[in-house]
Amino acid sequence: ACTPQAEVPAATAAATNTSNPTIATTTTTKKQTTTPDTLPPVRRPRVVMDSSRPVADIKSTFPFDIPITRAEGDSLNSSTAFQTRGKPTILLFWLTTCYPCRLELAAIKKNYAAWQAETDFNLCAVSTDFVVNYDRFTAMVKKNEWPFPAFHDTDREFRKVMPGGLNGLPQVFVLDGEGQIVMH
């Protein structure tokens, strides 16, 4: 936006030289103006392409068939990574930018050993971050040293098959030994 120049009011100008009105000198003060040369750069929105498959092409029952990535960088499929082996399974969906998610992950880490001693279960933490945040995901996993596996939803497909579309995070799903959702 341009800022108009400010001038000294006429009454002040006339008062600067009252002895000779034809030689009246005035000083005008200028505020700095913004010109097209000094405008801040325009921030262009980042465009994120959806690389996920159509929902009809995704297996919608546990263990699904969704590409996931570990913090170490190796890619695998949820159908091989998520195995119940007859045990209850907890799927925790989270984002690196989500403060409540970080609190929940910290609380789970703190209690995980005691819970495992009480009952044997599987737990997988799945980040649903955009791929541009993958580095944040890896840094967070390495920093926190969670005692449970953490994965990145490579193509963000879990939102298409989980109840509620993963609208609002964190979200926790408890599955029984057969892979049926028993709590959400």
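Residues numbered from 1 in each chain as written. Predicted model: local features only at pLDDT ≥ 70, side-chain atom pairs only at ≥ 80, totals over all residues. Heavy atoms only, no water.

## Observations concerning the overall build of the chain
Here is step 1: Counting its secondary structure elements, the chain contains five helices and seven strands.
Here is step 2: Helices (α) and strands (β) of the chain occur, in sequence order from the N terminus, as α-β-β-α-β-α-β-α-β-α-β-β.
Here is step 3: Of the contacts formed within the chain by residues at least 6 apart in sequence, a portion of 66% connects residues at least 24 apart.
Here is step 4: When the accessible area of the chain is evaluated, it comes to approximately 11,700 Å², of which 55% is carbon and sulfur surface. (Helix = DSSP H or I, 4+ residues; strand = E, 2+ residues; numbered from the N terminus. Contact = heavy atoms within 4.5 Å. Areas by Shrake-Rupley, 256 points an atom, 1.4 Å probe, with all protein chains shown as cover.)

## Some words on the state of the cysteines
Here is step 1: A full pass over the atoms with the stated rule returns one disulfide.
Here is step 2: Across the disulfide, Cys-98 is cross-linked to Cys-101 (sulfur-sulfur distance 2.4 Å). On the sign convention where negative means left-handed, the S-S torsion of about 80° between Cys-98 and Cys-101 marks this disulfide as right-handed.
Here is step 3: Accessibility expressed as a relative area gives 10% for Cys-98, which makes it buried. (Disulfide = S-S within 2.5 Å. Buried < 20%, exposed > 50% of the residue type's maximum accessible area, 1.4 Å probe, protein only.)

## Details of the environment of Asp-129
Here is step 1: Here Asp-129 is to be found in the loop between β4 (122-127) and α4 (134-144).
Here is step 2: Sequence separation between Asp-129 and His-152 is 23 residues; the distance between their C-alpha atoms is 7.3 Å.
Here is step 3: In contact with Asp-129, not counting residues within four places along its chain, are Trp-94, Leu-95, Thr-96, Thr-97, His-152, Asp-153 and Arg-156.
Here is step 4: At 2.9 Å, the side chain of Asp-129 and the backbone nitrogen of Thr-96 are in polar contact.
Here is step 5: Here Ser-127 takes part through its side chain, which lies 2.7 Å from a polar atom of the side chain of Asp-129. (Polar contact = N/O pair within 3.5 Å; in protein donor to acceptor, adjacent residues only side chain to side chain.)

## Quick word on the pattern of salt bridges
Here is step 1: Counted according to the given criterion, the structure contains five salt bridges.
Here is step 2: Residues Asp-65 and Arg-53 are paired through a salt bridge, measuring 3.4 Å at the closest nitrogen-oxygen approach. Of this pair, Asp-65 sits in the loop between α1 (10-15) and β1 (67-70) while Arg-53 sits in the loop between α1 and β1, placing them twelve residues apart in sequence.
Here is step 3: When its relative accessible area of 23% is taken as the criterion, Asp-65 is described as partly exposed.
Here is step 4: Among the residues examined, Arg-53 registers a relative accessible area of 25% and is labelled partly exposed.
Here is step 5: Here the salt bridges do not stand alone but share partners, grouping Arg-53, Asp-65 and Glu-157 into one network. (Salt bridge = Lys/Arg side-chain N within 4 Å of Asp/Glu carboxyl O.)

## Quick look at the sheet that holds strand β5 (residues 150-153)
Strands in a sheet are paired, the pairing made by backbone hydrogen bonds, and the direction either parallel or antiparallel.
Here is step 1: Pairing is mixed in the open sheet, where seven strands are placed in the order β2-β1-β5-β4-β3-β6-β7. Each of the sheet's edge strands pairs with one partner strand only, and the pair in question is β2 (75-77) and β7 (181-183). Between one strand and the next, the sheet's axes are offset by a mean angle of 35°, whatever the strand orientation.
Here is step 2: In this sheet, strand β6 (residues 171-175) lies alongside strand β3 (residues 89-94) in antiparallel orientation, the contact comprising five bridges. When the sheet's bridge partners are listed, Leu-92 is paired in β6 with Val-172.
Here is step 3: Seen against the sheet, helix α3 (residues 99-118) touches β3, β4 and β6 and runs at an angle of roughly 150° to β3.
Here is step 4: Running at roughly 175° to β5, α4 makes contact with β1, β3, β4 and β5 of the sheet. (Pairing = 2+ DSSP bridges. Axes fitted to C-alpha atoms, helices over the stretch in contact; angles between N-to-C directions.)

## What about the confidence of the model for the chain?
Here is step 1: Counting all residues, the mean pLDDT for the chain is 83, and 76% of those residues have values of 70 or more.
Here is step 2: For the chain, per-element mean pLDDT is lowest for α1, which scores 43, and highest for β5, which scores 98. (pLDDT = per-residue confidence, 0-100.)

## Some words on the nonpolar core
Here is step 1: Trp-94, Leu-105, Leu-123, Phe-137, Trp-146 and Phe-148 are the most contacted members of the largest nonpolar core, which has 19 residues in total.
Here is step 2: Counting residues per element, the ones that place at least two in this core are β3, α3, β4 and α4.
Here is step 3: Residues Phe-64, Ile-66, Ile-68 and Val-126 belong to the second largest nonpolar core, which totals 18 residues. (Core = buried A, V, L, I, M, F, W, Y, C linked by side-chain atoms within 4.5 Å.)

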